[in-house]
Amino acid sequence: MDRDKLIAHTRPIRKTRPSNRTEVQEAIANGDQIAARYTLHVERRGKYIEIEVCFFGRFAADGRMREAHMLTRTVPAANPDQAAPAISDGRGAST
């Protein structure tokens, strides 16, 4: 997926899943390459789910994401009460 496709994919997800939390298990960068394993904890249509993600990407010379490949697996949230707390950005907005 190139940068434009990644942005097009991410925008609607952020609108439909405004309450989320990301838990990074592992991340490594080498030159322009990055690999990460993380879990997204989200509330979707009143249900709490976890999305396990294996991410591989490359950066452009200006530091923006140039290429992204993701493998995902959706599983029921282990603890719905802890699944997707709102996180403040310090300016009163939640992410």
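Residues numbered from 1 in each chain as written. Predicted model: local features only at pLDDT ≥ 70, side-chain atom pairs only at ≥ 80, totals over all residues. Heavy atoms only, no water.

## Details of the overall build of the chain
Right, on to step 1. Helix and strand counts for the chain come out as one helix and four strands.
Right, on to step 2. Ordered by position from N to C terminus, the α and β elements of the chain give α-β-β-β-β.
Right, on to step 3. Here the chain, with 95 residues, has 21% of them falling under the buried criterion.
Right, on to step 4. Sequence separation of 24 or more characterises 38% of the internal contacts of the chain that already satisfy a separation of 6 or more.
Right, on to step 5. Summed over its atoms, the accessible surface of the chain is roughly 6,900 Å², and 51% of this surface lies on carbon and sulfur atoms. (Helix = DSSP H or I, 4+ residues; strand = E, 2+ residues; numbered from the N terminus. Buried < 20%, exposed > 50% of the residue type's maximum accessible area, 1.4 Å probe, protein only. Contact = heavy atoms within 4.5 Å. Areas by Shrake-Rupley, 256 points an atom, 1.4 Å probe, with all protein chains shown as cover.)

## Some details on the nonpolar core
Right, on to step 1. If you look at the biggest cluster of nonpolar residues, it comprises nine residues: A36, Y38, V42, I49, I51, V53, F55, M65 and A68.
Right, on to step 2. Elements with a minimum of two residues in this core: β2 (33–44), β3 (47–59) and β4 (65–76).
Right, on to step 3. A per-element tally of this core places β3 first, with four residues.
Right, on to step 4. Each residue touching V53, except ones within four places of it in the same chain, is listed here: A36, R37, Y38, L40, M70, L71 and T72. (Core = buried A, V, L, I, M, F, W, Y, C linked by side-chain atoms within 4.5 Å.)

## As for the side chain of T39
Right, on to step 1. In this fold, T39 is placed in strand β2.
Right, on to step 2. You can call T39 buried: its relative accessible area is 9%.
Right, on to step 3. Looking at T39, its side chain comes within polar contact range of the side chain of Q25, at 3.2 Å.
Right, on to step 4. T39 has contacts with R21, T22, E23, Q25, E50, I51 and E52, leaving out every residue within four places of it along the chain. (Polar contact = N/O pair within 3.5 Å; in protein donor to acceptor, adjacent residues only side chain to side chain.)

## Section: the environment of P76
Right, on to step 1. Inspection of the secondary structure assignment puts P76 in strand β4.
Right, on to step 2. For P76 and Y48, which are 28 residues apart along the polypeptide, the C-alpha to C-alpha distance reads 6.9 Å.
Right, on to step 3. Beyond its immediate stretch of four places on either side in the chain, P76 contacts Y48 and E50.

Remember, this is a structural readout, not a statement about activity or role.
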